[in-house]
Amino acid sequence: MKALTVVPGTSGSAELSEVPEPPVSDGPILVETLSVGICGTDLEILAGEYGWAPPGRERLVLGHESLGRVLEAPDGGPVAAGDLVVGIVRRPDPVPCANCAVLEWDFCRNGRYTERGIKERDGYLSERYRITPDFVVKVDPSLGRLGVLLEPTSVVAKAWEDVDRIGGRAHWAPRSVLVTGAGPIGVLAALIGVERGLDVHVLDRVEAGVKPDLVRALGATYHHGTVAETGLTPDVVIECTGVASVVLDAMTHVGPGGVVCLTGVSSGGHPIEVDEGALNRSMVLENVAVVGSVNANRRHYEQAAATLAAADRDVLARVVTRRVPLEQWASALERHDDDVKVAIDVA
Ligand code: BGC
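Everything in this summary refers to the structure shown in the same document. Remember, it's a predicted structure, so these values are computed and weren't measured experimentally.

So, how was this worked out
- Residues numbered from 1 in each chain as written.
- Predicted model: local features only at pLDDT ≥ 70, side-chain atom pairs only at ≥ 80, totals over all residues.
- Heavy atoms only, no water.
- Core = buried A, V, L, I, M, F, W, Y, C linked by side-chain atoms within 4.5 Å.
- Buried < 20%, exposed > 50% of the residue type's maximum accessible area, 1.4 Å probe, protein only.
- Contact = heavy atoms within 4.5 Å.
- 1 Å grid on protein atoms, 1.4 Å probe; cavity = no way out; pocket = protein on both sides within 12 Å on 5 of 7 lines; lining within 4 Å.
- Points joined across faces, edges and corners; volume = space filled by probe spheres on them.
- Helix = DSSP H or I, 4+ residues; strand = E, 2+ residues; numbered from the N terminus.
- Nonpolar A, V, L, I, M, F, W, Y, C, P; charged D, E, K, R; others polar.
- Disulfide = S-S within 2.5 Å.
- Near = heavy atom within 4 Å.
- Polar contact = N/O pair within 3.5 Å; in protein donor to acceptor, adjacent residues only side chain to side chain.
- Axes fitted to C-alpha atoms, helices over the stretch in contact; angles between N-to-C directions.
- Parallel < 35°, antiparallel > 145°, perpendicular 65-115°, else oblique.
- Left-handed = near helix turned anticlockwise from the far one by under 90°.

1. Here's the deal with the nonpolar core
Thought 1: One finds L125, W160 and I238 to be the most contacted residues of the largest nonpolar core, which totals 88 residues.
Thought 2: Those residues in contact with I238 that sit more than four places away from it in its chain are W160, V163, V177, L178, V179, T180, A189, C261 and T263.
Thought 3: The next biggest cluster of nonpolar side chains, apart from the first, holds 15 residues, and it includes L178, L203, V246 and V254.

Okay, structure coming up:
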């Protein structure tokens, strides 16, 4: 079967390879891949800056934002042939650490977790894959190919859960949220904010085009420029750019008792000047909390499945701005100004 593979650590090594059928040892459920989303992590792997091949192998099958259709599944299990499904990305470490032991692998403490398509385990960007019942999540069939948005939605579902748990240290009834960055993670974070009835603001660099229109269609307010220029003191900031100056602005402008959740991965190497004393003073005197958040466990995938099932299909369809057939995979990896989520259609 065909698969998009890469040699981690080697830029420009991606190719459409002929690989063996998925091994039965990967699980009793056989899935036909329909569509796989591409994200910043994939681009980092393709640039040779991230990613690990499975032990003893040179190449890794890429792809962690999957959508597939079950071809074969054991009777009486959670999924049956014909179901639309998404595969969970992370597997707990083999030791396991205290968090992996209770299936909170998104908080793995020893770094020995594996991730499909990222770290030491083949991904989903192959014509077929196999999986065990505990790592497959059913998608509302009415979502069709929009189910490819489930994995990135699981990551923001976790971010929102973190925000709520930290906010809940005192009376917590947030009214406003600022999302920085109108990429897929930002847009999906805003979607959850709107579903919760919050006053949602999204900030990005662009002045016009697909992103501002999409944010307005979601029912949120669009801003460009700096955080300060929005004039907001939001209860929550979900930071999705990873840009140092935006991260700092978020910490400075969040409202009293507010929570800033960092989801963007910075490249590093771009130091900026910070008045640490002033920042410390305002954070202490206003009980500001800053939390980093990555990955998702099964609970977050289920929350994400419910979020997408309840969302307006026309708006979701606008999040997937480009679909590319597998043979033209290379064009899916180019970044266009108006891209939000780009997906490779495998079948
Ligand atoms: C994925 C996460 C993963 C992270 C770090 C993200 O793109 O969505 O599941 O944990 O990369 O590898």
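So that's the structure; there's more coming.
2. Description of the layout of surface pockets
Thought 1: The computed volume of the second largest pocket comes to approximately 470 Å³.
Thought 2: Lining the second largest pocket we find 24 residues, and of these P23, D26, R57, R116 and D122 sit closest to its centre.
Thought 3: In terms of residue count, strand β10 (residues 128-131) provides more of the lining of the second largest pocket than any other element does, three residues in total.
Thought 4: The residue makeup of the lining of the second largest pocket, split by class, is nine nonpolar, six polar and nine charged.

3. Some remarks on the state of the cysteines
Thought 1: Following the criterion strictly, the structure yields zero disulfides and no others.
Thought 2: The cysteine C39 is free of any disulfide, with C240 supplying the nearest cysteine sulfur at 13 Å.
Thought 3: Summary of cysteine pairing: C261 is not part of a disulfide, and the nearest cysteine sulfur, belonging to C240, is at 8.1 Å.
Thought 4: Residue C261 is classed as buried on the basis of its relative accessible area, which comes to 0%.

4. What about the site of the ligand?
Thought 1: Contacts to the ligand come from C39, T41, Y50, H64, V89, R90, E115, I118, E151, V155, V294 and N295.
Thought 2: At 2.6 Å, a side-chain N or O of T41 approaches an oxygen atom of the ligand.
Thought 3: Here an oxygen atom of the ligand sits 2.9 Å away from a polar atom, N or O, in the side chain of N295.
Thought 4: Of the residues contributing to the shell around the ligand, the split by class is six nonpolar, three polar and three charged.

5. Topic: the packing of helix α3 (residues 150-167) against helix α4 (residues 184-195)
Thought 1: Here α3 crosses α4 at 55°, and the two axes come no closer than 9 Å. Judged by the angle between their axes, α3 and α4 are oblique. The handedness of the crossing between α3 and α4 is right-handed. Two secondary-structure elements touch here, α3 through P152, T153, V155, V156, A157 and W160 and α4 through I185, L188, A189, I192 and G193.
Thought 2: Classifying every residue of the contact of α3 with α4 by side-chain character gives nine nonpolar, two polar and no charged.

Read these as layout, nothing more, since geometry by itself doesn't imply function.
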